[in-house]
Amino acid sequence: MIIMVRVAVVDKDLCKPSKCNLECIRFCPLNRRRKIAIELHESRKYVVIHEETCIGCGICVKKCPYKAITIVNLPDEWERKVVHRYGKNAFKLYGLPTPVKGKILGIIGKNGSGKTTSLRILAGELKPNLGNYEKDVEWSEVVKYFRGTELQNYFKDLSAGKMRVAHKIQYVELVPRFIKGTVGELLLKADDKGIAKEIAEEIGLTKIWDRKINVISGGELQKLLIAATISKDANVYLFDEPSSYLDVRERIRMAKIIRKYLASKNNYVIVVEHDLAVLDYLSDLVTVIYGEPGVYGIVSKPYSTKNGINYFLEGYLPAENMRIRSEPIKFHVYGHEKQVTKKQEEAIKWTNIEKKLGEFSLKVEAGKANKGEVIGLLGPNGIGKTTFVRILAGELKPEKGEISGRNTKYTISYKPQYVSPKMFDGTVRKILKEANPDALNPTSWLYSEVIRKLRLNKLLDQNASDLSGGELQKLAIASCLIKQADIYLLDEPSAYLDVEERLTVAKVLRKIVEEKEALAFVVEHDVSIQDYISDKIMVFKGEPGVHGEATKPLPLRTSMNMFLKDLGITFRRDPQTGRPRVNKEGSYLDRYQKSIGEYYYIPIKPELEEE
Ligand code: ADP
Ligand code: ADP
Ligand code: MG
Ligand code: MG
């Protein structure tokens, strides 16, 4: 018989004892028998659950009007693997990624599963308490706990101050609040190895060397912090979501630079990453963190990069014998073109468009888009993608050219690139209800496929102004998708989302567009998602910040070839999952595909598989 233990988590922000009838406490069957399992904390600000007494019946979970309580039953053998718990009724982490000297370890997993927590522990910023949150656990205990594993020596050295750690944190936008100065000053200060100028050149920071960091863009800040981290003289290099805000070229460049400067025998390098193509390109090994977001996370064994990502997509980890998702994620392998099932009916068309914004000018080639299509927008930062989306949304008037709909009038649902709390007023429930009341009906498709999958059902009674950046992004996407419209415009929906959330958005958008014969335009830097979501792509080229030129919507193969040829990278397909994989530069496949001009689409022949 498997013995189960209870893991109960109370979200202190959601729990509001002063505003409810405390039915969680009144209806608890153990409380009624005077074996207190749940009670009010002495601060009276939230409830506490005693996991030793709790039987996990779930009555309190159902009674709570704010969905503040989660209780899961886990096999008690896992208790031996607890590495950290933030506190009573707080998030619990089982296991830890095992860094391997000389290899780059990639980490993939849902948001809220403990990736950042793991990095902070490995950085020595957070001392693991092995689950004893009431006690100050000694380092010697931690070292002993990991005996017989690579982590034993790791923590021995870390606690003795023998490890130097360089850590690129997740939320780069917070940095200018704490650090002042120019890009150059910051880079020179971090530069232990005398390579700052060289890296700045390679990653593209030279042009903004003298600029103050409080005025640079998110992407520039990201590149600056990556460069500074690499130029530190350390033994451990940690990168938490380095792709955020970067375009495709910058992502590949970032991955190349991390490989070039850090992949050596003596270093530990760990990267948390949601862009599958980047994670694949960058990592030697991949660890999956799975579990219930916000409640518990379990760290898998390290797998080879290819297998780790494939197992993650398939939703089953063989070494753990663990199903982490009920359904596999499949990338459709279209061969050469996506199949056209229905007769194409034009939705909108436009003539040649020209638009000037300050010093910047944009030209868009005349084109059209059909009902039932998703059009991807692909190109570097600062090239005019958002400008074009805003023209479509009617926010900007072009100097030249016009857009005409079939019935001239079309309704639009638009998710802008940058979402701020100011866009919304009221609770999550109210905002979603205004977008489409049906989406809040728990039996509706929109509820199960959008609201639940983006985990907004837990936030319904929160005020939009209290949401985090990622939560706000999800609210903005959901309220855009659930609205009735002819045209959906999504400007960089992937920012802050994990792989499953990105794929959820992609899947829902495809379904809406197909069923309602709507049309969508999506700005997206994640090539795997672009591949998954788009029927056609508009390629933006030119000189960022100066001028941009966009093609009309082109078939995937043509547009991807155009875009990737410019970048000098080729993709092959994984035969099991169909996901695109970056070829190693100069490898047989890379040379072959370049020679025949097929940068993206190549029929899968297993004998051509690398590795
Ligand atoms: P990820 O990086 O995978 O998105 P995190 O490691 O940041 O996840 O967080 C995992 C969980 O731990 C989240 O539910 C988060 O709210 C919780 N958490 C993070 N920091 C703390 C803290 N200092 N106290 C309590 N809970 C925390
Ligand atoms: P992308 O979405 O491709 O990153 P954008 O369309 O947002 O690019 O911007 C293209 C260029 O136009 C950038 O250099 C940006 O600084 C400039 N730009 C955008 N809006 C304005 C404006 N209102 N006034 C002046 N320049 C602008
Ligand atoms: Mg994180
Ligand atoms: Mg933009």
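Just above sits the structure.
Attention here is on the structure that accompanies the text. (Residues numbered from 1 in each chain as written. Chains lettered and ligands numbered in written order. Predicted model: local features only at pLDDT ≥ 70, side-chain atom pairs only at ≥ 80, totals over all residues. Heavy atoms only, no water.)

### Describing the coordination of the magnesium ion (ligand 3)
Protein coordination of the magnesium ion (ligand 3) is provided by Thr116 (OG1) and Gln170 (OE1), with donor distances spanning 2.0 to 2.2 Å. Residue Thr116 is found in helix 4 (residues 115-122), and its partner Gln170 is found in the loop between strand 8 (165-168) and helix 7 (175-178); the two are separated by 54 residues along the sequence. The buried category is assigned to Gln170, whose relative accessible area is 16%. (Donors = N, O, S within 2.8 Å, 3.2 Å for Na, K, Ca; no water. Helix = DSSP H or I, 4+ residues; strand = E, 2+ residues; numbered from the N terminus. Buried < 20%, exposed > 50% of the residue type's maximum accessible area, 1.4 Å probe, protein only.)

### Quick look at unusual backbone geometry
We note that Glu241 has phi near 55°; this positive angle belongs to a residue other than glycine. The topology assignment puts Glu241 in the loop between strand 9 (236-240) and helix 11 (248-262). Using a relative accessible area of 6% as the deciding quantity, one classes Glu241 as buried. Of note in the backbone geometry, Tyr496 takes a positive phi value of approximately 75° without being a glycine. Inspection of the secondary structure assignment puts Tyr496 in the loop between strand 23 (487-491) and helix 18 (499-516).

### Some words on the site of ligand 2
Every residue near ligand 2 is listed here: Leu357, Gly358, Phe360, Pro380, Asn381, Gly382, Ile383, Gly384, Lys385, Thr386, Thr387 and Gly545. Note that an oxygen atom of ligand 2 is positioned 3.0 Å from one of the backbone N or O atoms of Gly384. Its free accessible area being 570 Å², ligand 2 has 63% of it covered by the protein chains. For the shell around ligand 2, the element with the most residues is helix 14 (residues 385-392), which contributes three residues. When grouped by side-chain class, the residues that make up the shell around ligand 2 number four nonpolar, seven polar and one charged. (Near = heavy atom within 4 Å. Polar contact = N/O pair within 3.5 Å; in protein donor to acceptor, adjacent residues only side chain to side chain. Areas by Shrake-Rupley, 256 points an atom, 1.4 Å probe, with all protein chains shown as cover. Nonpolar A, V, L, I, M, F, W, Y, C, P; charged D, E, K, R; others polar.)

### Describing the coordination of the magnesium ion (ligand 4)
The protein atoms that coordinate the magnesium ion (ligand 4) are Thr386 (OG1) and Gln417 (OE1), at distances spanning 2.0 to 2.1 Å. Placement of the pair is Thr386 in helix 14 and Gln417 in the loop between strand 22 (412-415) and helix 15 (428-435), with a sequence separation of 31 residues. Judged by its relative accessible area of 25%, Thr386 falls in the partly exposed class.

### Examining the site of ligand 1
Around ligand 1 lies a shell formed by Tyr86, Phe91, Lys110, Asn111, Gly112, Ser113, Gly114, Lys115, Thr116, Thr117 and Gly294. Within the side chain of Lys115, a nitrogen or oxygen atom sits 2.8 Å from an oxygen atom of ligand 1. Thr117 has a polar side-chain atom sitting 2.5 Å from an oxygen atom of ligand 1. Expressed as a share of its isolated accessible area of 570 Å², the protein-covered part of ligand 1 is 62%. Here the residues of the shell around ligand 1 are counted per class, giving two nonpolar, seven polar and two charged.

### A few points about the sheet that holds strand 21 (residues 403-405)
Strand pairing in a sheet is mediated by backbone hydrogen bonds. Such pairs are either parallel or antiparallel. With antiparallel pairing, three strands are arranged side by side in an open sheet as 19-16-21. On the outer flanks of this sheet lie strand 19 (367-370) and strand 21, each paired with one strand and no other. Strand-to-strand twist in this sheet, taken as the mean axis angle between neighbours without regard to direction, amounts to 15°. (Pairing = 2+ DSSP bridges. Axes fitted to C-alpha atoms, helices over the stretch in contact; angles between N-to-C directions.)

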